[in-house]
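# Notes for the structure review
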Amino acid sequence: MSKTTTETELPPAPDDTAAERLSTAPVESDGPVGIGMFGWARWMWRQLTSMRVALILLFLLSLAAIPGSLIPQNGQNQFKVQTWKAQHTTVAPIYEKLQLFDVYSSVWFSAIYILLFISLAGCIVPRTWQFVGVLRSQPPAAPRNLTRMPVHAAWRTSADADAVNAAAHGLLRKRGFRANLSGGAVAAEKGYLREVGNLLFHLSLFALLGGFAWASLASGTGGKLMVEGEGYSNTITQLDDFTGTRFYNNQDLDPFYLKLDDFTSKFQNKGDQIGAARQFTANVEYYAGSDETKLKKGTIEVNHPLEIGGSKVYLIGHGYAPVVTVRNGKGDVVYSGAVPFLPQDGNLTSTGVVKVSDYGTGPDGTKTQMGFSGFFLPTAPLSFEGTGPVSLFPGDAAPELVLNAFAGDLGTDSGLPQNVYQLNTRKLTQLTQDGQPAKARLKPGQGWTLPDGYGSVTFEGYKQWASFNVSHRPGNAIALTGAVLAILGLIGSLFIQRRRIWVRAVALPGGGTQVELAGLARSESAKIAEELAELAVDLQDDAPAVEDEDDTAPEAPDAPEAPDASEETGAPTAPKTSSGSAVPADQNSKE
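Rules and cut-offs
- Residues numbered from 1 in each chain as written.
- Predicted model: local features only at pLDDT ≥ 70, side-chain atom pairs only at ≥ 80, totals over all residues.
- Heavy atoms only, no water.
- Helix = DSSP H or I, 4+ residues; strand = E, 2+ residues; numbered from the N terminus.
- Expected span 1.5 Å × (residues − 1).
- Contact = heavy atoms within 4.5 Å.
- Buried < 20%, exposed > 50% of the residue type's maximum accessible area, 1.4 Å probe, protein only.
- Pairing = 2+ DSSP bridges.
- Axes fitted to C-alpha atoms, helices over the stretch in contact; angles between N-to-C directions.

## Quick word on helix 8 (residues 161-174)
In this model, helix 8 (14 residues) spans 20 Å end to end at C-alpha, consistent with the 20 Å of a helix rising 1.5 Å per residue. Buried positions along helix 8 lie against strand 1 (151-157), strand 2 (178-182), strand 3 (185-190), strand 23 (499-507), strand 24 (513-521) and helix 11 (527-539). Taken from the residues just after helix 8, Gly176 is the one with a positive phi, measuring 90°.

Take a look at the structure:
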């Protein structure tokens, strides 16, 4: 029976199986598979473990970490959190409910990185298993028509076909390709480290998140403020504050002793950046455990902590501590010591209080307590008119102490905790002088005789104080290792190319051998064409081209054209016909 229509020969369908093996990425589904709850659960699992959702979760995690760098955190500096709350009374309750003072241990932050954990695990496990299967298998067999591949070369030679295939197999192995000779053709593949880099990147992210998770479960932080010359033992009773976690509490504190010998602060005193900090250095003495004979000296600077045992001691703040001596009406010293004042601005205008609980009896013969509140100004102005008590420079160029005096009941005998930096004046009466509230401006060495026979106050001088954060975070090393490996894996996945080369030598019926080479790469790059050209040139030693009436020289590898849909999936492009033969690079010079 004759055909009534003209049939056109169509190009062979792309080798989808071979193309898919260029990637080990899990196949995504467009919708629910199956029926009922099981089908929906399977679809949701595939969506959660897809690369798209993993990237979205990673982006959300980075956004969720922003509030932790903008808002003070309880785990880093609890006192700073309290100060911030006192200055922002309107939004502080809202932030408290949203857990913005504990971002990294909040429910919503934990939910994001737990989902990211699950997503990465669901992506890594099948992808790794699939990649192991690729490594155990041989490179895919050569396509039927190599000259239809995007990059190819062909010529005729008088060499034996088996010898040519064996020579090509040896050359490819020397170039680092996994090569397999079977069926009269050589199949070779290279660039497996690209997928290793991909897997390393995902595993490193998993380790990075694991390090953060372990740190949030087994870490603890404490705060300590010390004046020059003071020291402390790292116990819960001597820390100013402590925040533990599920697997780290006050019984797990690393035993050590730390003393602040002196503190050095320097500020720029001229130019456009006058007042800018130039040096903060805490010189300390310490020993780990309980062996005082192992006393060492060390320094702590900003972003340069001191590591003692399993803890790191960070320098987080500094200020001034006026040394005050208080005498009662009889002239007896009832208080003497350095009192830390807290900075309120960039020029270290500092506020503080002095509480004298053991003052004794007042002028009227009744038991009395005294309190003093005021400002310490490292560089005081000549006059407070229009500005009030403010410092002009953070350095101690012209230090002054401004005090107000109160008498009465401090409330310290009630047993209720009090803020050592605030004065509760509810049961106190401010002393007056000439009908005005009693106050004084004192320079170092000056004294102030209190009105109504309450004694005197002397400003002896001042010291500097430093506040430290004692941090125990066991997951930091894991997180750092994961971050470094993630970068290495990303570099490998971006710069290493996965590529394949096939060589087929076939004996012709009229004598001679037809040699065909073809290459395929996942990404658009000239590297595969260069490698194929170099292979063609090297193969000329074992399979030199011969001239005949059809071809005069080997056909040069065609440069890759713009990829289409078939190239993106690793499949051959539509058939192409060479417009004549040419000699590969360096062929003329070699012959």
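So that's the structure; there's more coming.
## Remarks on the environment of Ala92
Residue position: Ala92 is located in helix 6 (residues 92-97). Relative accessible area serves as the criterion here: at 8%, Ala92 is assigned to the buried category. Between the C-alpha atoms of Ala92 and Gln82, which are ten residues apart in sequence, the distance is 9.8 Å. In this view, Ala92 contacts Trp84, Lys85 and Phe101; residues no more than four positions away in its chain are not counted.

## What about the sheet that holds strand 24?
As summarised here, the arrangement of the five strands in space is 1-24-23-3-2, forming an open sheet in which the pairing is antiparallel. In this open sheet, the two strands that pair with only one neighbour each are strand 1 and strand 2. Each strand of the sheet is rotated relative to its neighbour by a mean of 10°, with strand direction disregarded. Note: strand 1 against strand 24, seven bridges, orientation antiparallel. Across the sheet, the residue bridging to Ala154 is Glu516, located in strand 24. On the sheet, helix 8 packs against strand 1, strand 2, strand 3, strand 23 and strand 24 and is oriented at approximately 165° with respect to strand 23.

## Comments concerning the pairing of strand 7 (residues 256-267)
Judged from the three bridges that link them, strand 5 (residues 231-233) and strand 7 form a sheet pairing that is antiparallel. Counterpart to Gly231 in the pairing with strand 7 is Lys259.

## Examining the pairing of strand 16 (residues 400-408)
The element strand 16 is largely enclosed, with a buried count of seven among its nine residues. Judged from the nine bridges that link them, strand 15 (residues 367-377) and strand 16 form a sheet pairing that is antiparallel. Among the inter-strand pairings, Phe375 is bridged to a residue of strand 16, identified as Val402. Taken together, the three bridges between strand 16 and strand 17 (residues 428-430) define a ladder with antiparallel strand orientation. Paired with Ala407 across the strands is Thr429, a residue of strand 17.

Coordinates in, geometry out; function isn't part of it.
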